[in-house]
Amino acid sequence: MPIGMIIMPGMDEVRRHWGWVLALGILLFVLGLFATSAAVTTTLLTMLVIGAVLLVSGLFELASAIREARYGGFWMHLFTGILDLVCGALLMSYPGAGALTLTLILAIFFLVGGAMRALSALMINLPNGGWAVLSGIVDVILGILLLSHWPISGLWFLGLAVGIGLIFRGAWWAAFALAARKLPPTNV
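(A) Focus on the overall build of the chain. When helices and strands are tallied, the chain shows 7 helices and 0 strands. Secondary structure of the chain in N-to-C order comes out as α-α-α-α-α-α-α. Split into buried and exposed, the 188 residues of the chain put 29% on the buried side. If you take every contact in the chain between residues at least 6 apart in sequence, the share linking residues at least 24 apart comes to 78%. Accessible surface, the chain as shown: approximately 12,200 Å² in total, 78% of it carbon and sulfur.

(B) Quick look at the packing of helix α5 (residues 95-124) against helix α7 (residues 153-181). Contact geometry for α5 and α7: axes closest at 8 Å, N-to-C directions at 75°. In this view, α5 runs roughly perpendicular relative to α7, as classed from their interaxial angle. Only S153, G154, L155, F157 and L158 of α7 make contact with α5, whose side of the interface consists of A99, L100, L102, T103, L106 and F110. Residues that form the contact of α5 with α7 fall into these classes: 8 nonpolar, 3 polar and no charged.

(C) Quick look at unusual backbone geometry. For the bond running from W150 to P151, omega is 15°, close enough to zero to count as cis. Mapped onto the elements of the fold, P151 is located in the loop between α6 (130-148) and α7.

(D) Layout of α5. Here α5 spans 42 Å end to end across 30 residues, near enough to the 44 Å set by a 1.5 Å rise per residue. Inspection of α5 places P95, G98, A99, T103, A107, F110, G114, A118 and A121 among the buried residues, and these make up the whole buried set. Summarising the contacts, the buried residues of α5 are in contact with α3 (39-67), α4 (74-93), α6 and α7. Immediately downstream of α5, the backbone of N125 shows phi near 60°, a positive value.

(E) The arrangement of the environment of G25 in detail. Mapped onto the elements, G25 comes out in helix α2 (residues 18-37). We classify G25 as buried; its relative accessible area is 0%. In this structure, the C-alpha to C-alpha distance between G25 and W172, residues 147 residues apart in sequence, is 7.0 Å. Those residues in contact with G25 that lie beyond four places of it in its chain are G170, W173 and A174.

(F) Main features of the confidence of the model for the chain. The predicted model of the chain averages 87 in pLDDT, with 93% of residues at 70 or higher. At the level of individual helices and strands, the chain shows its lowest average pLDDT in helix α1 (residues 11-16), which scores 76, and its highest in α3, which scores 94.

(G) Structural context of the packing of α5 against α6. Running from N to C, α5 and α6 cross one another at 155°; their axes reach a closest spacing of 7 Å. One element, α5, and the other, α6, form an angle in the roughly antiparallel class. Taken as a pair, α5 and α6 cross one another with a handedness that is left-handed. Across the interface between the two elements, T103, L104, A107, F110, L111, G114, A115, R117, A118, A121 and L122 from α5 touch A132, V133, S135, G136, I137, D139, V140, L142, G143, I144, L146 and L147 from α6. For the contact of α5 with α6, the per-class residue count stands at 16 nonpolar, 5 polar and 2 charged.

(H) Highlighting the pattern of salt bridges. On inspection of all chains with the given rule, the structure shows 1 salt bridge. The salt bridge involving R117 is made with D139; its shortest N-O contact spans 3.0 Å. One end of the pair, R117, is in helix α5; the other, D139, is in helix α6, and 22 residues separate them in sequence.

(I) Molecular detail of the packing of aromatic side chains. Counted under the stated rule, the structure contains 8 aromatic pairs. With a centroid separation of 4.7 Å and 75° between ring planes, the pair formed by W172 and W173 is classed as edge-to-face. The exposure class of W173 is partly exposed, given its relative accessible area of 27%. Members of the aromatic cluster, connected to one another through ring pairs, are F109, F110, W156 and F157.

(J) Seen up close, the side chain of T103. Inspection of the secondary structure assignment puts T103 in helix α5. Look past the residues within four positions of T103 in its chain and what remains in contact with it is L146, W150, S153, G154, F157 and L158.

Conventions adopted
Residues numbered from 1 in each chain as written. Predicted model: local features only at pLDDT ≥ 70, side-chain atom pairs only at ≥ 80, totals over all residues. Heavy atoms only, no water. Helix = DSSP H or I, 4+ residues; strand = E, 2+ residues; numbered from the N terminus. Buried < 20%, exposed > 50% of the residue type's maximum accessible area, 1.4 Å probe, protein only. Contact = heavy atoms within 4.5 Å. Areas by Shrake-Rupley, 256 points an atom, 1.4 Å probe, with all protein chains shown as cover. Axes fitted to C-alpha atoms, helices over the stretch in contact; angles between N-to-C directions. Parallel < 35°, antiparallel > 145°, perpendicular 65-115°, else oblique. Nonpolar A, V, L, I, M, F, W, Y, C, P; charged D, E, K, R; others polar. Expected span 1.5 Å × (residues − 1). pLDDT = per-residue confidence, 0-100. Left-handed = near helix turned anticlockwise from the far one by under 90°. Salt bridge = Lys/Arg side-chain N within 4 Å of Asp/Glu carboxyl O. Phe/Tyr/Trp six-rings, centres within 6.5 Å; stacked < 30°, edge-to-face > 60°.

Dropping the structure here:
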């Protein structure tokens, strides 16, 4: 075991079942490949899932409003529940419009947030601040690319982002499983 490596509780269990963890990693990686190759479909499915989550959340908020009627939280839960239900229903009814709107918001966030990060890192002169500057510049470029290709980028960007996230998460789980397999038992 490398010096300074900390073995977390439960690692013996992971080591014993490393094959299942590896299978999870491979499954996520393959799902990520499918998601990136069908980015438009993945984007629309993502919007439908978010809409469904908002609908369920709205129902729970309305139930909380009824339960909290005597304790002063009624109006907050009622308005939140109605907002969740309306937003969820709109996303379920118009997933394409939701994807376009969310992509536009993200593009502006990347553009403004990236510029602020890069400028702040330059002004503060952080140790290894070059990474913060680079991160900010990459975000600015991503924001410009999304805005310059909007609204078309709104149809594929979220699906591509979900797919890339699944690919990297799957690769990490697979690497984790292979590393855990080689760990000696801790006998703790």
